[in-house]
Amino acid sequence: MSEAPAVIGDADLHTHSTVSDGTEAPAVLMAQAAAAGLWGIALTDHDSTAGWAEAAAAVPATGVALIPGMELSTREGFMSVHMLAYLIDPSDERLLAETTRIRESRVTRAEEIVRRIGRDYDLSWDDVLAQTVEGTTIGRPHIADALVARGHVSTRSAAFAGILHPRAGYAEPHYAPDPLTGVRLIRAAGGVPVLAHPGTRGAERVIPPDRLARLAEAGLFGLEVDHPENRADAKPRLRALAQQYGLEITGSSDYHGAGKPNRLAECTTPSAVVERLIAEGRGSTPVLP
Ligand code: AMP
Ligand code: FE
Ligand code: FE
Ligand code: ZN
């Protein structure tokens, strides 16, 4: 077993850059983490590790530790389930095949959503591409930004509450593996899986115990209980489930720059938990100052 480095402060274990639907470049995130007084952050762009190199290069100048990560899209029926994947091997072939498939499906799906919206609003695929950089994992936030740029809505959040809301009739899912497959893929790639924001739908809709038991058996490391969008009524249940299944509790902001109200470092994970997480990572290593 590799010796875990000394973690000397709290970490924000869930952040997004321009590689997915965050508005700041990876190096800017690192500088913002330094300003926020964090020991470290995990960069967890959706279905991509393309931001790791830029963030790692910013470690010496910022003095902020980087835990390489990703937020893997999975799906249980109609429900989107996000699985944080820390310290994976970024060249693991099976995981790469899956994330490539997800990202391709994200493009096809976004094109379809834009086609549908385009029947009622002045919006083109080029408008959406204008909101991305080379290699971006495309998502609804980029459609939201295009709607803002066209003046149809005032903010991303307004787009999600209106035109992008399923009841508006333009919605379409993208391909994603099921959560159990996700946990297995992440562990097989040497990574450490954590169920992201499991309480955003309230106490009545947290994952059923039998399903969580299967994820725990497959190697789930923890539950992201301290997350700004988890509902207060869901947290006691999540803590009880973590206790029952021997899972760690993590905290993170899910910072998206200006793309969401979430503030960097508003929720964090204590150093002892970060140390145990790092000790289980086999696919890549944290980058320390
Ligand atoms: P998608 O990946 O295309 O399914 O879009 C989901 C993403 O949209 C999530 O990762 C969030 O970052 C973002 N999102 C969801 N709701 C909102 C909101 N109300 N305001 C801003 N971003 C949101
Ligand atoms: Fe996101
Ligand atoms: Fe998420
Ligand atoms: Zn996220």
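Residues numbered from 1 in each chain as written. Chains lettered and ligands numbered in written order. Predicted model: local features only at pLDDT ≥ 70, side-chain atom pairs only at ≥ 80, totals over all residues. Heavy atoms only, no water.

Visitor: Which parts of the structure should I look at to understand the overall build of the protein?
Guide: For the protein, the helix and strand inventory stands at 11 helices and seven strands. By its C-alpha atoms, the protein is 55 × 45 × 35 Å across when sized along the principal axes. Taking all 289 residues of the protein together, 53% fall into the buried category. Long-range pairs, those at least 24 residues apart, make up 75% of the contacts in the protein between residues at least 6 apart in sequence. Here the protein displays about 12300 Å² of accessible surface, and carbon together with sulfur accounts for 50% of that area. Charge separation in the protein, taken as the distance between the mean sites of 27 positive and 37 negative side-chain charges, equals 7 Å. (Helix = DSSP H or I, 4+ residues; strand = E, 2+ residues; numbered from the N terminus. Buried < 20%, exposed > 50% of the residue type's maximum accessible area, 1.4 Å probe, protein only. Contact = heavy atoms within 4.5 Å. Areas by Shrake-Rupley, 256 points an atom, 1.4 Å probe, with all protein chains shown as cover. Lys, Arg positive; Asp, Glu negative; His and termini not counted. Charge placed at Lys NZ, Arg CZ, Asp CG, Glu CD.)

Visitor: I'm lost on unusual backbone geometry in this one. Help?
Guide: The bulk of non-glycine residues show a negative phi, and the bulk of peptide bonds are trans. One non-glycine residue, leucine 87, adopts positive backbone phi at about 60°. Positive phi outside glycine occurs at alanine 265, with the angle close to 75°. Mapped onto the fold, alanine 265 is located in the loop between strand S7 (248-251) and helix H11 (271-280). Among the residues examined, alanine 265 registers a relative accessible area of 23% and is labelled partly exposed.

Visitor: Please clarify how the coordination of the iron ion (ligand 2) should be interpreted in this entry.
Guide: Metal coordination angles have textbook ideals: 109.5 degrees for a tetrahedral set of four donors and 90 or 180 degrees for an octahedral set of six. Coordination of the iron ion (ligand 2) by the protein comes from Asp21 (OD), Asp21 (OD), His46 (NE2) and His256 (NE2), over a distance range of 2.2 to 2.8 Å. The site at the iron ion (ligand 2) holds six donor atoms, and with the angles between them running 51 to 154°, its shape is irregular. Spacing between the donor residues of the iron ion (ligand 2) along the chain follows D-x24-H-x209-H. Between the iron ion (ligand 2) and the iron ion (ligand 3) the interatomic distance amounts to 5.3 Å. Of this pair, histidine 46 sits in the loop between strand S2 (40-43) and helix H2 (52-57) while histidine 256 sits in the loop between S7 and H11; the two residues are 210 residues apart in sequence, bridging distant segments of the chain. In this pair, the class of histidine 46 matches that of histidine 256, namely buried. (Donors = N, O, S within 2.8 Å, 3.2 Å for Na, K, Ca; no water. Tetrahedral: all angles 85-135°; square planar, octahedral: opposite > 155°, others 65-115°.)

Visitor: What's the story with the environment of glutamate 54 in this structure? I'm lost.
Guide: When you line up the elements, glutamate 54 lands in helix H2. When its relative accessible area of 36% is taken as the criterion, glutamate 54 is described as partly exposed. Excluding its chain neighbours within four sequence positions, the residues that come into contact with glutamate 54 are Ala25, Pro26 and Ala27.

Visitor: Would you explain the sheet that holds strand S4 (residues 79-86) in this entry?
Guide: Ordered in space as S1-S2-S3-S4-S5-S6-S7, the seven strands form an open sheet in which the pairing is mixed. Every other strand in the sheet has two partners, leaving strand S1 (11-15) and S7 as the edge strands with one partner each. Within this sheet the neighbouring strands show an average axis-to-axis angle of 35°, counted without direction. By the bridge criterion, eight bridges tie strand S3 (residues 65-76) to S4 in an arrangement that is antiparallel. Looking at the pairing, methionine 70 lines up with alanine 85 of S4. (Pairing = 2+ DSSP bridges. Axes fitted to C-alpha atoms, helices over the stretch in contact; angles between N-to-C directions.)

Visitor: What should I look at first to understand the site of ligand 1 in this one?
Guide: Taken together, Asp21, His46, Arg106, Arg109, Gly139, Arg140, Pro141, Ser157, Phe160, His256, Gly259 and Lys260 make up the full set of residues near ligand 1. For ligand 1, an oxygen atom lies 3.0 Å from a polar atom in the side chain of histidine 46. Interatomic distance of 2.7 Å between a backbone N/O atom of arginine 140 and an oxygen atom of ligand 1. When ligand 1 sits alone it has 500 Å² of accessible area, and the protein chains cover 83% of it. The set of elements that each furnish at least two residues to the shell around ligand 1 consists of helix H4 (93-118), helix H6 (140-149) and helix H7 (156-161). Its residues assigned to classes, the shell around ligand 1 shows two nonpolar, five polar and five charged. (Near = heavy atom within 4 Å. Polar contact = N/O pair within 3.5 Å; in protein donor to acceptor, adjacent residues only side chain to side chain. Nonpolar A, V, L, I, M, F, W, Y, C, P; charged D, E, K, R; others polar.)

Visitor: Sorry if this is basic, but what is going on with the pairing of strand S6 (residues 222-226) here?
Guide: Two faces, one strand: in a regular strand the side chains alternate between the faces of the sheet. Most of S6 sits out of view: four of its five residues are buried. Two strands pair when backbone bridges link them, and strand S5 (residues 192-195) and S6 are joined in this way by two bridges, in the parallel orientation. Along S6, the bridge assignment pairs valine 194 with glycine 222. Sheet topology note: the S6/S7 ladder contains four bridges and is parallel. Along S7, the bridge assignment pairs glutamate 224 with threonine 250.

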